[in-house]
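Take a look at the letters that make up each chain.
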Amino acid sequence: MFGLSKHQSSSSYMMDVQSKLRLVLGSVKDQASISKAMIYRKDGYLSDIEIAILRATSHDEHPIDDKQLHEILFLVSNSSPSSISIPYLSQKISNRLRKTKNHFVALKMLLLVHRLLRGGDRKFEQGFRKSHLNGHLEILSQHHRRHHHHLNHNYFLHNYASFIEERMSWFMNQAGKLEPQYDKNTTEINLNLRGLPKLQLFLDQVLNCSSVLDIISTSDSLTRAALHNILKETSQVYNNFCDEVAILANSFFDLKDHAIQAQALKLLKKACRQSSELSEFFQKYNRVVGSSSTSMKLALKFPTTKIITIDHVLVMEQYVNDNNMGEVSSSISIVDDDKSVISHEDSEVPEELAIGTSSTTSLFSCKLETQISTEWVLFDD
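The structure presented is a predicted model; accordingly, all values stated were derived computationally and were not measured. (Residues numbered from 1 in each chain as written. Predicted model: local features only at pLDDT ≥ 70, side-chain atom pairs only at ≥ 80, totals over all residues. Heavy atoms only, no water.)

S.K.: Can you explain the overall build of the protein chain? Please cite residues and give values.
M.R.: Counting its secondary structure elements, the protein chain contains 12 helices and 4 strands. Every one of the 381 residues in the protein chain was classed for burial, and the buried ones make up 45%. Surface summary for the protein chain: the accessible area is close to 20200 Å², and the carbon and sulfur share equals 51%. (Helix = DSSP H or I, 4+ residues; strand = E, 2+ residues; numbered from the N terminus. Buried < 20%, exposed > 50% of the residue type's maximum accessible area, 1.4 Å probe, protein only. Areas by Shrake-Rupley, 256 points an atom, 1.4 Å probe, with all protein chains shown as cover.)

S.K.: How would you sum up the pattern of salt bridges? Please name residues and give values.
M.R.: Two side chains of opposite charge can pair, provided their charged atoms sit close to one another. Taken as a whole, this structure holds 11 salt bridges when the rule is applied. Arg 115 is paired through a salt bridge with Asp 66; the nearest N and O atoms lie 2.2 Å apart. Of this pair, Arg 115 sits in helix α5 (residues 103-119) while Asp 66 sits in helix α3 (residues 66-77), and the two are 49 residues apart along the sequence. What makes Asp 66 partly exposed here is its relative accessible area of 42%. Members of the salt-bridge network, linked through shared partners, are Arg 118, Arg 167 and Glu 233. (Salt bridge = Lys/Arg side-chain N within 4 Å of Asp/Glu carboxyl O.)

S.K.: Could you give me a rundown of the packing of α5 against helix α6 (residues 122-133), with the residues and numbers involved?
M.R.: Axis separation between α5 and α6 bottoms out at 8 Å; the angle between their running directions is 140°. Considering their axes alone, α5 and α6 lie oblique with respect to each other. Residue-level inspection shows Val 113, Leu 116 and Leu 117 of α5 in contact with α6, the latter providing Phe 124, Glu 125, Phe 128 and Arg 129. In terms of residue class, the contact of α5 with α6 is made up of 5 nonpolar, no polar and 2 charged. (Axes fitted to C-alpha atoms, helices over the stretch in contact; angles between N-to-C directions. Parallel < 35°, antiparallel > 145°, perpendicular 65-115°, else oblique. Contact = heavy atoms within 4.5 Å. Nonpolar A, V, L, I, M, F, W, Y, C, P; charged D, E, K, R; others polar.)

S.K.: Describe in detail the confidence of the model for the protein chain, supporting the description with residues and values.
M.R.: Residues at a pLDDT of 70 or more form 62% of the protein chain, whose mean pLDDT is 75. When the elements of the protein chain are averaged for pLDDT, strand β3 (residues 331-335) gives the smallest value, 34, and helix α8 (residues 153-167) the largest, 94. Contacts from residues 326-362, a stretch scored under 50 in pLDDT, to residues over four places away or in other chains number 68 contacts. In this model residues 366-381 is a low-confidence stretch, pLDDT under 50, and it forms 36 contacts with partners more than four residues away in sequence or in other chains. (pLDDT = per-residue confidence, 0-100.)

S.K.: An account of α6 is needed here, citing residue identities and associated values.
M.R.: With 12 residues, α6 should reach 16 Å at 1.5 Å per residue; the first-to-last C-alpha distance of 17 Å fits that figure. Three or more residues of α6 are buried, namely Phe 124, Glu 125, Phe 128, Arg 129, Ser 131 and His 132. Looking down the long axis of α6, one finds its buried residues gathered within 155° of arc, a one-sided arrangement. Residues of α6 that are exposed and angled more than 90 degrees away from the buried face: Lys 123, Lys 130 and Leu 133. Contact partners of the buried residues in α6: α3, α4 (82-99), α5, α8 and β1 (170-172). Capping the start of α6, Asp 121 holds a side-chain oxygen 3.3 Å from the backbone nitrogen of Lys 123, two or three residues further along. Where α6 ends, the next residue or the one after it, Gly 135, has phi of about 90°, a positive value. (Expected span 1.5 Å × (residues − 1). Arc of directions from axis to C-beta. Polar contact = N/O pair within 3.5 Å; in protein donor to acceptor, adjacent residues only side chain to side chain.)

S.K.: Please provide a residue-by-residue account of the nonpolar core, values included.
M.R.: Formed by 83 residues in total, the largest nonpolar core has its most connected members in Ile 72, Leu 89, Ile 93, Leu 116, Phe 128, Tyr 160 and Phe 252. Tallying contributions element by element places helix α10 (residues 221-251) first for this core, with 13 residues. If near-sequence neighbours (up to four positions away) are discounted, Ile 93 is found in contact with Ile 53, Met 109, Leu 112, Val 113, Leu 116, Phe 128 and Leu 137. (Core = buried A, V, L, I, M, F, W, Y, C linked by side-chain atoms within 4.5 Å.)

S.K.: Provide a residue-level description of the packing of aromatic side chains, including the pertinent values.
M.R.: Under the defined criterion, the tally for this structure stands at 11 aromatic pairs. Through a chain of ring-to-ring contacts, the aromatic side chains of Phe 156, Tyr 160, Phe 163, Trp 170 and Phe 202 assemble into a single cluster. (Phe/Tyr/Trp six-rings, centres within 6.5 Å; stacked < 30°, edge-to-face > 60°.)

S.K.: Any details on the environment of Asn 102? Residues and values, ideally.
M.R.: Relative to the helices and strands, Asn 102 is located in the loop between α4 and α5. By relative accessible area, Asn 102 is classed as buried at 18%. On a C-alpha basis, the gap between Asn 102 and Ser 58 in space is 10.0 Å, while along the polypeptide they are 44 residues apart. A polar side-chain atom of Asn 102 sits 2.9 Å from the main-chain amide nitrogen of Phe 104. One polar contact links the side chain of Asn 102 to the main-chain amide nitrogen of Val 105, over a distance of 3.0 Å.

S.K.: Break down the packing of α4 against α5 for me, citing the residues and quoting the values.
M.R.: Two elements in contact, α4 and α5, have axes separated by 9 Å at closest approach and are oriented at 155°. Regarding the angle of α4 to α5, the classification is roughly antiparallel. For the crossing formed where α4 meets α5, the hand is left-handed. Between α4 and α5, the residues in contact are Leu 89, Ile 93, Arg 96 and Leu 97 and Val 105, Ala 106, Met 109, Leu 110, Leu 112, Val 113 and Leu 116, respectively. (Left-handed = near helix turned anticlockwise from the far one by under 90°.)

Here it is, written out as structure tokens:
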């Protein structure tokens with residue numbers, strides 16, 4: 001036992017030495033890059049933008065400071081014209097993200113992109129998103145595309161980059177809420193069939209980031225900051241998600257086209273699974289991150305999770321089967337995208353879910369009204 005403890009102590013010491021050595025070498029690289037940028041400074045504010053990026057995304061494990069973010073935004077806004085400064089900013093971010101082999105630098109670069117999307121004004125946001133569409137801003141580098149085990153920080157790095165890729169197709173409206181762009185001429189039900197998949201894609205990217213909670217440490221402030229930013233935006237999308245599900249459920253029995261019915265049913269099945277997985281994610285975050293005294297700055301206000309009940313979806317599937325096959329199966333199975341099967345044999349249909357009604361009173365196991373808590377709470381199953 002004594003020998004094992006001695007071996008563990010020696011191993012821990014070596015890891016600590018290696019970590020400090022990497023930090024020193026990284027600091028030297030940062031200073032060399034900054035010095036080089038200062039020597040070749042020719043473009044005024046543009047060169048200052050590159051230096052500000054290097055300082056904000058240094059090799060240490062400290063999160064990006066608000067002053068560093070504001071400095072970058074100030075330099076971009078004062079570089080004329082913005083049609084040059086924003087692509088320049090995007091290219092410098094892409095180059096550093098593509099070249100670095102350091103996990104902390106890569107994660108800081110992703111954090112920087114995510115915060116810039118929220119930190120700038122509407123004009124900057126539009127220019128930044130346009131720069132991404134034009135290829136100036138590359139987020140998913142080859143380094144991030146490598147296959148990694150799901151219990152690995154590099155796997156989270158890839159998933160966070162994928163989340164930001166999806167986030168680039170969203171914008172902040174005048175009320176400061178996050179939403180995708182819709183065609184104004186789309187009818188309400190078609191908008192829902194188009195809008196709900198977009199919301200669900202966003203939530204899929206969020207859920208892909210949840211596995212990092214199994215390996216996160218109390219000292220991992222960068223990953224915690226990334227999760228905080230992800231969940232902060234998820235609360236807005238989740239509220240819209242619940243509204244869209246309710247609208248689709250209300251409209252379901254009025255749909256006449258079998259293909260549209262099948263599409264709507266598939267969306268509702270997925271919503272049923274996602275609501276449950278999101279509840280588990282929020283609860284785990286509360287236990288792993290919210291309970292830590294070092295994470296008080298990462299406290300969030302989040303809407304109470306509303307679990308979609310399976311009974312409502314089962315009635316809809318029975319209705320579709322009845323219309324398409326002329327008969328109702330006594331044993332109904334829901335097959336989700338992840339191939340999991342939920343069986344429901346000889347279920348008695350609740351009166352409030354009877355075919356032909358537009359009521360959704362039993363669609364959610366919790367009330368549809370959003371309940372905002374002032375602190376993290378445990379979510380009911």
